[in-house]
Amino acid sequence: MNKLKIALASDHAGYERKLVVIKHLKDLGIEVKDFGAFSNESTDYADWAHPLATAVENGEFNFGISLCGSGNGINITVNKHQGIRSALSWTPEIAALGRKHNDANILALPARFITDQEAVKIVDAFLNSDFEGGRHEQRIKKIPLSTK
């Protein structure tokens, strides 16, 4: 099996929490790429979200993880990409269901509303869950507005 590769992006509000997630992933031996932001100075999440989403959509990474203050802005942005199914998750159960039922390929985290420990648990639940297929397969095929 190929080594797992994860792309990450955040705005300033998600920067510190993203560093915790990156350390955790590296400790697990997972290859990571940080698309930015690279500090906690004010920045626009879309500047980092679009490159992340494009890389995941193009198959350069197995999954992506995005973070902003509420998780909403960056989640909305990555979901503009037709090949992305991003799950905004604030508990491990929601993250696991995003993978199991929606075949989510990006996990969006609400950095200001979860702790470092919760972030790690949510990431682990996402990465340790597999798409169930079956009845969910037909549903996710109806999500894109167009096919490539």
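Every value quoted in this text rests on a predicted model; they were computed, and no experiment measured them.

Caption draft 1: The arrangement of the pattern of salt bridges in detail. Tallying each qualifying case throughout the model produces five salt bridges. Its salt-bridge partner being Arg17, residue Asp116 comes within 2.2 Å of it at the nearest N-O pair. Placement of the pair is Asp116 in helix H5 (residues 116-127) and Arg17 in helix H1 (residues 15-27), with a sequence separation of 99 residues. Taking the shortest distance from any N to any O, the salt bridge between Asp103 and Arg99 comes out at 2.9 Å.

Caption draft 2: Focus on unusual backbone geometry. Between Gly36 and the following residue, Ala37, the backbone shows a cis peptide bond with an omega angle of -5°. Residue position: Ala37 is located in the loop between strand S2 (31-34) and helix H2 (45-57). One non-glycine residue with positive phi stands out, namely Asp103, at about 50°. By secondary structure assignment, the location of Asp103 is in the loop between helix H4 (92-102) and strand S5 (106-110).

Caption draft 3: How the structure looks around the sheet that holds S2. A sheet is described by the order of its strands in space; here five strands give the open sequence S2-S1-S3-S5-S4, paired in parallel fashion. The outermost strands of the open sheet, each flanked by one partner alone, are S2 and strand S4 (86-88). Adjacent strand axes in the sheet meet at a mean angle of 20°, parallel and antiparallel pairs treated alike. Sheet topology places S4 next to S5; three bridges connect them, and they run parallel. Bridge assignment links Leu88 to a residue of S5, and that residue is Ala108. Each of strand S1 (5-10), strand S3 (63-68) and S5 touches H5; the most contacted strand, S5, lies at about 160° to it.

What counts, and where the lines are drawn
Residues numbered from 1 in each chain as written. Predicted model: local features only at pLDDT ≥ 70, side-chain atom pairs only at ≥ 80, totals over all residues. Heavy atoms only, no water. Salt bridge = Lys/Arg side-chain N within 4 Å of Asp/Glu carboxyl O. Helix = DSSP H or I, 4+ residues; strand = E, 2+ residues; numbered from the N terminus. Pairing = 2+ DSSP bridges. Axes fitted to C-alpha atoms, helices over the stretch in contact; angles between N-to-C directions. Contact = heavy atoms within 4.5 Å.

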